[in-house]
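Close look at the chain arrangement
Take a look at the letters that make up each chain.
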Amino acid sequence: MADETILATFFRKLEVRDVVTAAEKVALIACASDMVSVPAGGDLVREGDRPDTSMLVLDGFSSRYRDAPDGSRQITAIHVPGDFVDLHSLLLREMDHSVGALSACSVMRFPHARLRSLTETHPHLTRLLWLMTLIDASIHREWLSAAARTAPEQIAHLICELYVRLGITGLIAPDQSFTLPLTQTALGEALGLSAVHVNRSLQQLRSEDLFTWQNQTVRILDWESLKRRASFDDRYLHLVREPR
Amino acid sequence: MPRYYFDVHDRQGVHRDEVGLDFPDMDAAILEARRALADMTRESLVIDGATDLGILIRDGDEAPVNLAVTMTTERLDE
């Protein structure tokens, strides 16, 4: 049912890292079943679920999170449009975390049975899907290393990361701006900081003229200085195109 | 939920909060301010070895509440 253009953002992510053949694209598209919409604040999948489909977000931002018994939330990853957010459930079976929509999301569903067959007929494509989950894990490692950074550095680092990840799929406007539907509370949940500290740190960064952030739009003003401020090195995003 | 504004006072001056955050009541806002002070104290102690931080919580109805943390490092000569 899906044509190639609908998965274009996802294929772009793969093509930054390797060559994807036309036959591989057709094979993955054939695995898609249907599209669903999830409103902002809704969940794509919940901790404890045993889904029989994996979800690829065509449009919208989402987060991987866990809620603690005291009601606090830890966001462990932010996903951008085109991310295959729920490839994990194919093999993990029972979800150990939830994936929620930060903004309204259009989601393509891939039945596990079809994906499992795909792994038996398309070894290279399977490795590319595996690579995507490895990159998710690499991003988790980078976030864990954030303990050594100050709050403004952590925020600057996340902005750098999202700018690069969105740039891969052409989601950065010519004026170097991008949409970021993230509240200060959610930003605090992602960085393990209180919302007040996030607010204060954003004021600090604003005074440094590295970027602006208004009405869910971030605009980069000075990329080189922002990278330095964040000690950002994109190696962990594995942006090299080579045989996998 | 009412909106509370958290003005942060630190060594660089007063940073007035123009955005604010929603909480069910002032007690919840105070808990949030304490958590923020703990975060910020940790960070400023690492950078400066000392801290002098405060948060003034404002809203439209209730009287403002001020929270403050002072911590110093002194070498005591005998």
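Before reading further, recall that the structure is shown in the block above.
As the structure is a prediction and not an experimental result, all values here were calculated from the model.

A separate point is the side chain of H197 of chain A. Position of H197 of chain A relative to the elements: it lies in helix α8 (residues 195-206). Here H197 of chain A falls in the buried class, since its relative accessible area comes to 3%. For H197 of chain A, the contacting residues outside a window of four places in its chain are A151 of chain A together with A36, D39, M40 and E43 of chain B.

On the chain A side, the residues contacting the 18 residues of chain B number 16 residues. Between chain B and chain A the total buried area reaches about 1300 Å² when both faces are included, carbon and sulfur atoms providing 52% of it. Here chain B is connected to chain A by one salt bridge. For R200 of chain A, the salt bridge identified is with D10 of chain B, shortest N-O distance 3.0 Å. Run the count over chain B and chain A and you get nine residue pairs in polar contact (both at pLDDT 80 or more). Elements with a minimum of two residues in the side of chain B that touches chain A: β1 (3-10) and α1 (26-48) of chain B. Ranked by residue count, the leading element in the side of chain B that touches chain A is α1 of chain B, at eight residues.

A separate point is the side chain of S89 of chain A. Residues and elements named next belong to chain A. Tracing the backbone shows S89 in helix α3 (residues 88-92). Among the residues examined, S89 registers a relative accessible area of 0% and is labelled buried. A polar contact is formed between the side chain of S89 and the side chain of H112, at a distance of 3.0 Å. Not counting residues up to four positions away in its chain, the partners in contact with S89 are P51, T53, S54, M95 and H112.

What follows concerns the layout of surface pockets. There is about 870 Å³ of room inside the largest pocket. Along the walls of the largest pocket sit 33 residues, with T183, Q184, T185 and A195 of chain A together with L21 of chain B positioned nearest its centre. Among the elements of the structure, β5 (73-79), α7 (184-191), α8 and β9 (211-214) of chain A together with β3 (21-22) and α1 of chain B are those that each provide at least two residues to the lining of the largest pocket. The greatest single-element share of the lining of the largest pocket, amounting to five residues, is contributed by α1 of chain B. Partitioning the lining of the largest pocket into residue classes produces eleven nonpolar, 13 polar and nine charged.

Residue and element names in this part refer to chain A. Throughout the structure, instances matching the rule amount to three cavities of 30 Å³ or more. There is about 180 Å³ of room inside the largest cavity. Contributing to the lining of the largest cavity are 15 residues, with K13, D83, M132, I135 and D136 lying nearest its centre. Elements supplying a minimum of two residues to the lining of the largest cavity: α5 (123-144) and α6 (151-168). If you tally residues by element for the lining of the largest cavity, the top one is α5, at five residues. Looking at the lining of the largest cavity, its residues break down into eight nonpolar, two polar and five charged.

The next thing to look at is a negative patch on the surface. All names here are of chain B. Together, D25, D27, D61 and E62 give the surface a local cluster of negative charge. Position of D61 relative to the elements: it lies in the loop between β4 (51-58) and β5 (65-71). Here D61 falls in the exposed class, since its relative accessible area comes to 72%.

Okay, the nonpolar core next. One finds F110, I159, F178 and F211 of chain A to be the most contacted residues of the largest nonpolar core, which totals 64 residues. Among the elements that line this core, the one with the most residues is α6 of chain A, at ten residues. Residues from two domains meet in this core; each of domain 1 (8-123) and domain 2 (145-237) of chain A gives at least three. The residues contacting F110 of chain A, other than those within four sequence positions of it, are L7, L28, C31, A32, T53, S54, L56, F84 and L115 of chain A. Ranked by size, the runner-up nonpolar core spans 18 residues in total, among them A195 of chain A together with Y4, M26 and I55 of chain B.

The angle between the axes and the distance between the axes are what describe a pair of packed helices. Residues and elements named next belong to chain A. The geometry of α6 relative to helix α9 (residues 223-230) is characterised by a closest axis approach of 8 Å and an angle of 130° between their N-to-C directions. Regarding the angle of α6 to α9, the classification is oblique. Considering only the axes of α6 and α9, their crossing is left-handed. Contacts between α6 and α9 involve P152, E153, A156, H157, I159, C160, Y163 and V164 from the former and W223, L226, K227, R229 and A230 from the latter. Residues of the contact of α6 with α9, tallied by class, amount to nine nonpolar, one polar and three charged.

Definitions and limits used
Residues numbered from 1 in each chain as written. Chains lettered and ligands numbered in written order. Predicted model: local features only at pLDDT ≥ 70, side-chain atom pairs only at ≥ 80, totals over all residues. Heavy atoms only, no water. Helix = DSSP H or I, 4+ residues; strand = E, 2+ residues; numbered from the N terminus. Buried < 20%, exposed > 50% of the residue type's maximum accessible area, 1.4 Å probe, protein only. Contact = heavy atoms within 4.5 Å. Buried area = accessible area lost by both parts, 1.4 Å probe. Salt bridge = Lys/Arg side-chain N within 4 Å of Asp/Glu carboxyl O. Polar contact = N/O pair within 3.5 Å; in protein donor to acceptor, adjacent residues only side chain to side chain. 1 Å grid on protein atoms, 1.4 Å probe; cavity = no way out; pocket = protein on both sides within 12 Å on 5 of 7 lines; lining within 4 Å. Points joined across faces, edges and corners; volume = space filled by probe spheres on them. Nonpolar A, V, L, I, M, F, W, Y, C, P; charged D, E, K, R; others polar. Patch = residues over 30% accessible without salt bridge, like charges linked within 9 Å, V, L, I, M, F, W, Y side chains within 5 Å. Areas by Shrake-Rupley, 256 points an atom, 1.4 Å probe, with all protein chains shown as cover. Lys, Arg positive; Asp, Glu negative; His and termini not counted. Charge placed at Lys NZ, Arg CZ, Asp CG, Glu CD. Core = buried A, V, L, I, M, F, W, Y, C linked by side-chain atoms within 4.5 Å. Domains from an automatic or database assignment. Axes fitted to C-alpha atoms, helices over the stretch in contact; angles between N-to-C directions. Parallel < 35°, antiparallel > 145°, perpendicular 65-115°, else oblique. Left-handed = near helix turned anticlockwise from the far one by under 90°.

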